[in-house]
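# Chains, contacts and geometry: an overview
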Amino acid sequence: MNTKTTNKFDVNSIKNSILMNFILFAIILVALIYVLQGVFMNKYYEQMKSDETRQTALALQEDYKLGTSYFTERARQLSENNGIFIRADFNGTSVIFDSGTSFDPDTSMFFQECLVAREALRNSDSGFISLKTTDPNNVSRYVYACNLESTRGNGKLYVIASLLPVQSTISIMRRQLFYISIISLFIAVLLAYLSSNRLSSPIESLTKSAIELSRGNYNVKFDGAGFTETNELAKALNQASYEMQKTDSYQRDLIANVSHDLKTPLTMIRSYAEMIDDISGDNPEKRKEHLHVIISETDRLNQLVTDMLSVSRLQSNSVELNKTNFDIVKATEEVLETFEVLNEQANYNIIPVLCRPTFVYGDEAKIKQVMTNLISNAVKYCGEDKFIKVEVKRQGRKVRFDVVDPGTGIAADEIAHVWDRYYRTSANQGRGIEGTGLGLSIVKGILTLHNAAYGVDSTEGEGSDFWFIMDVVRKQ
Ligand code: ADP
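So, here is what we can say about the structure in this document. (Residues numbered from 1 in each chain as written. Predicted model: local features only at pLDDT ≥ 70, side-chain atom pairs only at ≥ 80, totals over all residues. Heavy atoms only, no water.)

Our focus in this paragraph is helix H1 (residues 14-66). For H1, which comprises 53 residues, the first-to-last C-alpha distance of 72 Å matches the rise-based estimate of 78 Å (1.5 Å per residue) to within 8%. At phenylalanine 40, H1 shows its maximal kink, close to 45 degrees. With its phi angle positive at about 155 degrees, glycine 67 sits one or two positions after the end of H1. (Helix = DSSP H or I, 4+ residues; strand = E, 2+ residues; numbered from the N terminus. Expected span 1.5 Å × (residues − 1). Bend = angle between axes of the 7 residues up to and from the residue.)

What follows is about the pairing of strand E9 (residues 387-395). In this structure, strand E7 (residues 349-354) lies alongside E9, joined through 6 bridges in parallel fashion. Within E9, the residue paired with valine 353 across the bridge is glutamate 391. Pairing geometry for E9 and strand E10 (residues 398-405), over 7 bridges, is antiparallel. The residue of E10 that forms the bridge with arginine 394 is valine 399. Between E9 and E10, which follow one another and run antiparallel, lie 2 residues, and glycine 396 among them has a positive phi close to 65 degrees. (Pairing = 2+ DSSP bridges.)

Non-glycine residue asparagine 347 carries a positive phi angle of around 60 degrees. By secondary structure assignment, the location of asparagine 347 is in the loop between helix H7 (328-345) and E7.

A few words now on the state of the cysteines. Applying the stated criterion across every chain yields a total of 0 disulfides. Cysteine 146 forms no disulfide, and the closest cysteine sulfur to it belongs to cysteine 114, at a distance of 12 Å. Of the residues examined, cysteine 146 reaches a relative accessible area of 1% and is grouped as buried. (Disulfide = S-S within 2.5 Å. Buried < 20%, exposed > 50% of the residue type's maximum accessible area, 1.4 Å probe, protein only.)

On the surface, Glu333, Glu337, Glu340 and Glu344 cluster together into a negatively charged patch. Here glutamate 340 shows up in helix H7. Residue classification places glutamate 340 among the partly exposed residues on the basis of a relative accessible area of 36%. (Patch = residues over 30% accessible without salt bridge, like charges linked within 9 Å, V, L, I, M, F, W, Y side chains within 5 Å. Areas by Shrake-Rupley, 256 points an atom, 1.4 Å probe, with all protein chains shown as cover. Salt bridge = Lys/Arg side-chain N within 4 Å of Asp/Glu carboxyl O. Lys, Arg positive; Asp, Glu negative; His and termini not counted. Charge placed at Lys NZ, Arg CZ, Asp CG, Glu CD.)

Here the focus is the pattern of salt bridges. Considering all chains together, one arrives at 22 salt bridges under this definition. The salt bridge involving aspartate 402 is made with lysine 393; its shortest N-O contact spans 3.9 Å. Exposure remark for lysine 393: the relative accessible area of 29% places this residue in the partly exposed category. For aspartate 465, the salt bridge identified is with arginine 400, shortest N-O distance 3.7 Å. Of this pair, aspartate 465 sits in strand E12 (residues 463-471) while arginine 400 is found in strand E10, placing the two residues 65 residues apart along the sequence. For aspartate 465, a relative accessible area of 16% corresponds to the buried category. Salt bridges sharing partners connect three or more residues here, namely Lys389, Glu391, Lys393, Arg400, Asp402, Asp457 and Asp465.

Next up on the list: the sheet that holds strand E3 (residues 128-134). The strand order across the open sheet formed by 5 strands is E2-E1-E5-E4-E3, and the pairing between neighbours is antiparallel. A strand with exactly one partner marks an edge of an open sheet, and here the two such strands are strand E2 (93-98) and E3. Across the sheet, the mean angle from the axis of one strand to that of its neighbour is 15 degrees, orientation sign disregarded. When strand E4 (residues 140-148) meets strand E5 (residues 155-162), the two strands line up antiparallel, connected through 8 bridges. The residue bridging cysteine 146 from the neighbouring strand is leucine 157, located in E5. The strands that H1 touches are strand E1 (85-90), E3, E4 and E5; relative to E4, the one it contacts most, it runs at about 20 degrees. Sheet contacts for helix H2 (residues 68-82): E1, E2, E4 and E5; angle to E1, the most-contacted strand, approximately 160 degrees. (Axes fitted to C-alpha atoms, helices over the stretch in contact; angles between N-to-C directions. Contact = heavy atoms within 4.5 Å.)

Turning to the side chain of serine 441, a few remarks are in order. Here serine 441 is to be found in helix H11 (residues 439-449). For serine 441, a relative accessible area of 11% puts it in the buried group. Polar contacts involving the side chain of serine 441 include one to the main-chain carbonyl oxygen of leucine 438, which spans 3.0 Å. Those residues in contact with serine 441 that sit more than four places away from it in its chain are Val311, Leu314, Trp419, Asp420 and Arg421. (Polar contact = N/O pair within 3.5 Å; in protein donor to acceptor, adjacent residues only side chain to side chain.)

Turning our attention to the sheet that holds E7. Read from one edge to the other, the open sheet built from 5 strands follows the order E7-E9-E10-E12-E11, with strand pairing classed as mixed. Each edge of the open sheet carries a strand with a single partner, namely E7 and strand E11 (453-459). The average undirected angle you get between the axes of adjacent strands in this sheet is 15 degrees. Sheet topology note: the E11/E12 ladder contains 7 bridges and is antiparallel. Within E12, the residue paired with threonine 459 across the bridge is glycine 463.

With that settled, consider helix H3 (residues 111-123). The terminal C-alpha atoms of H3 lie 19 Å apart, and with 13 residues this matches the ideal 18 Å at 1.5 Å per residue to within 8%. Residues of H3 that are buried include every one of Glu113, Cys114, Ala117 and Leu121, and no others. Seen end-on, H3 carries its buried residues on one side only, within an arc spanning 90 degrees. Facing away from the buried side of H3 by more than 90 degrees, the exposed set consists of Phe111, Gln112, Arg122 and Asn123. Along its buried surface, H3 packs onto E1, E3, E4 and E5. (Arc of directions from axis to C-beta.)

See below:
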């Protein structure tokens, strides 16, 4: 596996793409602020000032009607608060209110503006005018002029707001924005760096662990580093690593078991063949005996290979069931017949406890294979007593098949594993009892295909009861 990392900037890496997205986001944001400020700020400010002058003039028009003191008080307030110039001409005098906070160098008079406004007002029918003026110093102003009417006498009102401050405000803001842009870009890069590191670190750690795993180190632990998604991934990978470890150790056991199992009969076959060749060739009785050993060892080899084939077929789901209604009691009797020789020759005591004929729906040959495997195991593991009970009993609309032996039993923590492929309990591994650990996984595969319940009740040192349950059907 190529795990070399180059220093080239990888645009596809999560880290770099987060970094680039953050920077892009910051740039777009800052550019947007620049554009909005440049394009709309002036317009918005002008509109605001024009509204302000008009509102001020309208309010003062009303106050003028109420009385001169009202008017002057309000004019003073508005001028101070809004930084605008107000001039009112009535009773032959001019009253001027200047905020004093104005940015204008010379706000005192605005003679020129007022002159222009008065002229425009005279020519207007609406009683008010609003105009924008620009003086030789390039300072723009909003001028709003209207008539003042009251029973005390009429007059003229001029409200002037300078647009000068906006220029300086904008330039101040631009400068600020420049610093804000630099700071926000810096923060974006920092945040991007931190968050991309935080995000990519679990992935990097998972990748490292996966590489370790691919090198055969099953003890490696996957860590999701706190993110829900990576935690889920880590959990799945830990499970996968556990399964791989299990399969690997099973397979190693299998190779050891199979090579042992193949070697023993092969050695026997070879030595007995040599014996026939050297010694018993002319002695028909001895020759028969030796040939018999050769045949039975060949059978064992055959069984082993058949088991392995069955497992691989069950595993690849390529088993086709030939289902019929058959009598499970009769099937049990037929299977037991093949074990009769053990009763006769090896002092086994295999006792059938059978109910009346009972029909089930399934693949008879496969169910017989299940029975054979369970009884063979009982024969192997029943211990000195050599006593085995094979029971078929009705349970309402079900029928239960049990193989009970008083043998070695199975430790509680191993019971769940006996159905796994290649699993052999630790108690039986060192006893020289031949086996591949495949028998029960074949049983499990076949019974699962039949939707039959199955299980084992066992106590270590006291014996085991392997069972399965099938539905009872009518004969036809
Ligand atoms: P094997 O070829 O080793 O018998 P099986 O799949 O048939 O493989 O059984 C798996 C393991 O379960 C056996 O190795 C044995 O340790 C345990 N086992 C099966 N049947 C019995 C039994 N009747 N009593 C005790 N242990 C049993």
